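One-letter residues, chain by chain:
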Number of protein chains: 2
Amino acid sequence: MTVKHQATLAKQTAATLTTASTAAKNTALAAIARALDEHRTQIIAANAKDIEAAKAAGMAKGMLDRLTLTETRISDMITGIEEIIALDDPVGEFVSMSTRPNGLTIGKKRTPLGVIAIIYESRPNVTVDAAVLCLKAGNAVILRGGKEAIHTNTALMNVMRDALADTEIPADALHLVADTSRKSAAALMGLVGLVDVLIPRGGAGLIRTVVENAKVPVIETGVGVCHVYVDADADLQMAAEIITNAKCSRPSVCNAAECLLVHKDIAEAFLPQAKAMLDEYKVELRGDEATRRILGDCVVPAGPDDYDTEFYDYILAVKVVASFDDALAHIRRHGTGHSECIVTESYASAQRFLDAVDAAAVYVNASTRFTDGGMFGLGAEIGISTQKMHARGPMGLRELTCTKFVIYGNGQVR
Amino acid sequence: MTVKHQATLAKQTAATLTTASTAAKNTALAAIARALDEHRTQIIAANAKDIEAAKAAGMAKGMLDRLTLTETRISDMITGIEEIIALDDPVGEFVSMSTRPNGLTIGKKRTPLGVIAIIYESRPNVTVDAAVLCLKAGNAVILRGGKEAIHTNTALMNVMRDALADTEIPADALHLVADTSRKSAAALMGLVGLVDVLIPRGGAGLIRTVVENAKVPVIETGVGVCHVYVDADADLQMAAEIITNAKCSRPSVCNAAECLLVHKDIAEAFLPQAKAMLDEYKVELRGDEATRRILGDCVVPAGPDDYDTEFYDYILAVKVVASFDDALAHIRRHGTGHSECIVTESYASAQRFLDAVDAAAVYVNASTRFTDGGMFGLGAEIGISTQKMHARGPMGLRELTCTKFVIYGNGQVR
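(A) Representation of the overall build of chain A within the structure. From N to C terminus, chain A includes 14 helices and 16 strands. With the principal axes as the frame, chain A shows a C-alpha extent of 70 × 70 × 35 Å. The proportion of buried residues among the 414 residues of chain A is 59%. The long-range fraction of contacts in chain A, counting pairs at least 24 apart against all pairs at least 6 apart in sequence, stands at 72%. Computed over 42 positive and 50 negative side-chain charges, the separation of the two mean positions in chain A equals 7 Å.

Put into structure tokens, the structure is as follows:
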């Protein structure tokens, strides 16, 4: 089946999903959870084929780990579905409603987006998470995963589609693109009128390709060159804890910090203190001259790209800035609009930073690692938008809907 | 100056506009209004050059009228600015704010989009309206109008930029692209990272070109193949008044109706009654066989494109449908997601129509002509979005902003 044919089926199904009741959607989700539980052996067997191929191809250990499904990970997926069932259905919610002087009653009501396509890389849990989240918000879904996970994804999709057979939600609400070549990705990007929103999830290269080539609307996600700026008025102990957490608690994710900016007035006192904590995680520091003057040759000289790189690793770029404004200017130039943090005890600096920094999440005195749908109280997350249109920051169920105006009249003409 | 250079200046200025106070923005708007008032002669002289060139090129009368600036139209622009000054500033508004169990206080705050680019056709009032609306919401603006209006647009932009010189808002918040060739439009569409949102305003051809070719985020506007469906349970007099208003009160706009769908059970009674009213405006009817059987040969047989055309004229496509579901199916196939109306006395039909029709504005018993920022109470309008992402339907000041998360911590780590 071609991608276009799948999208056409998805579009037709989306029309019926718009009016699906919350109960019908939750029943379908529960059926999916049950089916995953019943087909664990089959799913793990399919995953074993992907793992074998990946090992043969010499896949790196971290990637291999992300690709692997275990009993525990399948249980986590099922728990995830149960959590999504428990969330409020955003569809049907009225954002506003009022009566105009001419008697027209005008409401703005949440409704599904329609057909959501997702292009993603190796983690097979995305296949279930994304499908279930989109479905709960009344959308049809087209998933295009990576070739490394094709056996696993096919097994998961078959189980989910079969599970829908006994529910009110048609199986054609869910599609997996079988072709994992660039051709199928390009086809998805061009389906104007069939795909309402396309969300890329993965590395910077994938995201850039989609943003630059898609003709359908895109929500850009995830690339995070996040900064922690330690102000002249910072509590240095707090600052050291925050940068250590932001860098080291999980370096492979987009909300991890990549760059430490330090006000020159406290650099001499702060940098050794921060280094002592970062050393526990063997963090490699790449610094400017001022940093190296203070910390010595253990700091690698920062190269031209180091202030623009998402390291995904225990590596941290460091720079001493002459002023608050220099920190702002650095973030403006090198930030990716994801998460930015100031550590300060100054009320004025805190408020100015919150106002002036243009990013999805701007923090005072807290780790950037909190930028996450669960941590922000959205319940679950389809990704973190780093664009400004439609959604910005962690996207939950509401961000998978749009609104429409509904107008109750009694014969009004203009 | 190249488009890219203008966009770079706009981006730099946008960073300072983010924190501009409402008072500073309103003062700048008032300065623009005053300057337009003081430079009427100069603006009308520039417009005369465009009119002369347009006449020499044989421009159609309707287009020529849209291009013409008069004293009254300049006064209307000034009144428009005063109305925008009076509107609430959306920037700084908190959409939500709450404290999480870990003590983090997380708010979602409205902030400007950044740099908004608008590609539009001949009406020079857009130059002022769009600039002022975007500026009020804290955005920098790049306007790329049509070549027919270049003298007028240049005069208007010079007056506006000069007016900003004595205010806190930098002149580089506003830019007009001097080159009106396809090349400059293509350049704008490719400015990833400099243009935050691109809004095309004009005919279907322009909008399609922008949607399909832009690499930057786009808000699709305006194409409206709007339907009025007269249900079996309709008040026929009300239905005739609504379709006449929806078609004839201003046929050249996107919220005008293009197609009348009539339930077969009332077609014999309704069609002659509607025709009598539409005849007063000499509306040409293009109908299917059933319509022609009832109304006779005065109805032109509908051709293959007539149900997909935005006529912008006193022409109306007509079709008799066998059922409510047939009407829904027709709208799903031929509608452009703009404005759709049902006329009915049936509670169930009304509710089903509101739920099932996927459009920016869905009406019961009122003319589609109400789809407008002013009529919906938004105060002013930059356009009508027919896409689902970010904004749908009339877009006012709020739709020219995005949100960011601001997080107040006291040392939280994850």
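(B) Local environment of the interface of chain B and chain A. Contacts between the two partners involve 72 residues from chain B, matched on the other side by 72 residues from chain A. Between chain B and chain A the total buried area reaches about 5,800 Å² when both faces are included, carbon and sulfur atoms providing 56% of it. Of all residues in chain B, the largest losses of buried area upon contact with chain A belong to Met389, Phe405 and Arg414 of chain B, amounting jointly to 15% of the total for that side. Applying the counting criterion to the chain B and chain A interface returns six salt bridges. Its salt-bridge partner being aspartate 355 of chain B, residue lysine 109 of chain A comes within 2.7 Å of it at the nearest N-O pair. Between chain B and chain A we count 41 residue pairs in polar contact (both at pLDDT 80 or more) in total. Secondary-structure elements contributing two or more residues to the side of chain B that touches chain A are strand S2 (105-112), helix H9 (204-213), helix H10 (236-248), helix H14 (347-356), strand S13 (361-366), strand S15 (393-395) and strand S16 (401-412) of chain B.

(C) The packing of helix H2 (residues 22-38) of chain A against helix H6 (residues 125-136) of chain A, seen in detail. All names here are of chain A. Running from amino to carboxyl end, H2 crosses H6 at an angle of 165°, the nearest separation of the two axes being 9 Å. Classed by the angle they form, the pair H2 and H6 counts as roughly antiparallel. Judged by the twist between their axes, the crossing of H2 over H6 is right-handed. For the pair H2 and H6, contact is made by Lys25, Asn26, Leu29, Ile32 and Leu36 and by Val128, Val132, Leu135 and Lys136, respectively.

(D) A look at helix H7 (residues 150-164) of chain B. Between its first and last C-alpha atoms H7 of chain B spans 21 Å; for 15 residues at 1.5 Å apiece the expected length is 21 Å, and the two agree. Regarding H7 of chain B, the residues found buried are Thr152, Asn153, Ala155, Leu156, Met157, Val159, Met160, Ala163 and Leu164 of chain B.

(E) Highlighting the nonpolar core. Counting 154 residues, the largest nonpolar core has Ile32 and Leu198 of chain A together with Ile32 and Leu198 of chain B as the members making the most contacts within it. The residues touching leucine 198 of chain A, leaving out its near neighbours within four places in the chain, are Ala117, Ile118, Ile119, Met189, Val210, Ala214, Val216, Pro217, Val218 and Ile219 of chain A.

(F) Focus on the confidence of the model for chain A. Considering every residue of chain A, the mean pLDDT works out to 96; 100% of them sit at 70 or more. Taken over the whole predicted complex, pTM reads 0.92, whereas the ipTM for its chain interfaces reads 0.93.

(G) The pattern of salt bridges, seen in detail. Residues and elements named next belong to chain B. Within this structure, the stated rule accounts for 40 salt bridges over all chains. Here lysine 11 ties to aspartate 196 by a salt bridge, and the two come within 3.2 Å at their closest N and O atoms. Taken as a pair, lysine 11 in helix H1 (residues 3-17) and aspartate 196 in the loop between helix H8 (182-189) and strand S6 (197-201) lie far apart in primary sequence, 185 residues in all. Since its relative accessible area comes to 27%, lysine 11 is described here as partly exposed. When its relative accessible area of 14% is taken as the criterion, aspartate 196 is described as buried. Across the pair aspartate 172 and arginine 161 runs a salt bridge, and its minimum N-O distance is 3.0 Å. A residue pair is termed long-range when its members are at least 10 positions apart, and aspartate 172 in the loop between H7 and strand S5 (174-176) and arginine 161 in helix H7 qualify at eleven residues.

(H) Representation of the sheet that holds strand S9 (residues 284-287) of chain B within the structure. Taken together, the ten strands give an open sheet; going across it, the order is S1(A)-S2(A)-S16(A)-S13(B)-S12(B)-S7(B)-S8(B)-S11(B)-S9(B)-S10(B), and neighbouring strands pair in mixed fashion. What marks the edges here is a single partner per strand, and that holds for strand S1 (94-99) of chain A together with strand S10 (300-301) of chain B. Sheet topology note: the strand S8 (residues 257-263) of chain B/strand S11 (residues 315-321) of chain B ladder contains five bridges and is parallel. Bridge pairing in S11 of chain B places cysteine 259 of chain B opposite alanine 317 of chain B. H14 of chain B rests against strand S2 (105-112) and strand S16 (401-412) of chain A together with strand S7 (226-230), strand S12 (339-343) and S13 of chain B of the sheet, and its axis sits at about 150° to S16 of chain A.

(I) Fine view of the relation of the copies chain B and chain A. Turning chain B through 180° and shifting it by 0.0 Å along the axis lays it on chain A, with an RMSD of 0.1 Å. Within this description, the copies of the chain are treated as partners about a two-fold rotation axis. It is histidine 390 of chain B whose C-alpha, among those of chain B, lies nearest the rotation axis, at 1.7 Å. Looking at the interface residues of chain B, 100% of them are also at the interface in chain A, so both copies use one shared face.

(J) Layout of the sheet that holds strand S11 (residues 315-321) of chain A. Spatially, the ten strands line up as an open sheet ordered S10(A)-S9(A)-S11(A)-S8(A)-S7(A)-S12(A)-S13(A)-S16(B)-S2(B)-S1(B), and their pairing is mixed. With one partner strand each, in any of the chains shown, strand S10 (300-301) of chain A together with strand S1 (94-99) of chain B form the two edges of the open sheet.

(K) Main features of the side chain of asparagine 255 of chain A. One can find asparagine 255 of chain A in the loop between helix H10 (236-248) and strand S8 (257-263). Asparagine 255 of chain A sits in the buried class, given a relative accessible area of 4%.

(L) Here's a closer look at the environment of threonine 72 of chain A. Residue and element names in this part refer to chain A. Secondary-structure assignment places threonine 72 in helix H5 (residues 71-86). Overall, the relative accessible area of 54% leaves threonine 72 in the exposed class. Sequence separation of threonine 72 and glycine 138 is 66 residues, and the distance between their C-alpha atoms is 28 Å.

(M) Just the pairing of strand S9 (residues 284-287) of chain A, in detail. Residues and elements named next belong to chain A. Summarising the sheet, S9 and S11 pair through four bridges and their orientation is parallel. Along S11, the bridge assignment pairs leucine 285 with leucine 316. The pairing of S9 with S10 spans two bridges and is classified as parallel. When the sheet's bridge partners are listed, glycine 287 is paired in S10 with proline 301. Handedness of the S9-helix H12 (residues 289-295)-S10 crossover: right-handed.

(N) Examining H14 of chain B more closely. Every buried residue of H14 of chain B is accounted for by Ser349, Ala350, Phe353, Leu354 and Ala356 of chain B. Among the structural elements, S16 of chain A together with S7, helix H13 (324-334), S12 and S13 of chain B are those in contact with the buried residues of H14 of chain B.

(O) Examining the state of the cysteines more closely. Residue and element names in this part refer to chain B. In the structure shown here, the tally under the stated rule is zero disulfides over all chains. Residue cysteine 254 stays outside any disulfide, its sulfur separated by 7.0 Å from that of cysteine 226, the closest cysteine. Of all cysteine sulfurs, the one in cysteine 226 lies closest to cysteine 341, which takes part in no disulfide; the gap is 10 Å. Under the relative-accessibility criterion, cysteine 341 is labelled buried at 0%.

(P) Fine view of a negative patch on the surface. On the surface, Asp233, Asp235, Glu241 and Glu345 of chain A cluster together to form a negatively charged patch. On the basis of relative accessible area, aspartate 233 of chain A is assigned to the partly exposed category, the value being 43%.

Conventions we followed
- Residues numbered from 1 in each chain as written.
- Chains lettered and ligands numbered in written order.
- Predicted model: local features only at pLDDT ≥ 70, side-chain atom pairs only at ≥ 80, totals over all residues.
- Heavy atoms only, no water.
- Helix = DSSP H or I, 4+ residues; strand = E, 2+ residues; numbered from the N terminus.
- Buried < 20%, exposed > 50% of the residue type's maximum accessible area, 1.4 Å probe, protein only.
- Contact = heavy atoms within 4.5 Å.
- Lys, Arg positive; Asp, Glu negative; His and termini not counted.
- Charge placed at Lys NZ, Arg CZ, Asp CG, Glu CD.
- Buried area = accessible area lost by both parts, 1.4 Å probe.
- Salt bridge = Lys/Arg side-chain N within 4 Å of Asp/Glu carboxyl O.
- Polar contact = N/O pair within 3.5 Å; in protein donor to acceptor, adjacent residues only side chain to side chain.
- Axes fitted to C-alpha atoms, helices over the stretch in contact; angles between N-to-C directions.
- Parallel < 35°, antiparallel > 145°, perpendicular 65-115°, else oblique.
- Left-handed = near helix turned anticlockwise from the far one by under 90°.
- Expected span 1.5 Å × (residues − 1).
- Core = buried A, V, L, I, M, F, W, Y, C linked by side-chain atoms within 4.5 Å.
- pLDDT = per-residue confidence, 0-100.
- Pairing = 2+ DSSP bridges.
- Least-squares fit on C-alpha atoms with pLDDT ≥ 70 in both.
- Right-handed = clockwise from strand over helix to strand, strands pointing away.
- Disulfide = S-S within 2.5 Å.
- Patch = residues over 30% accessible without salt bridge, like charges linked within 9 Å, V, L, I, M, F, W, Y side chains within 5 Å.
- Areas by Shrake-Rupley, 256 points an atom, 1.4 Å probe, with all protein chains shown as cover.

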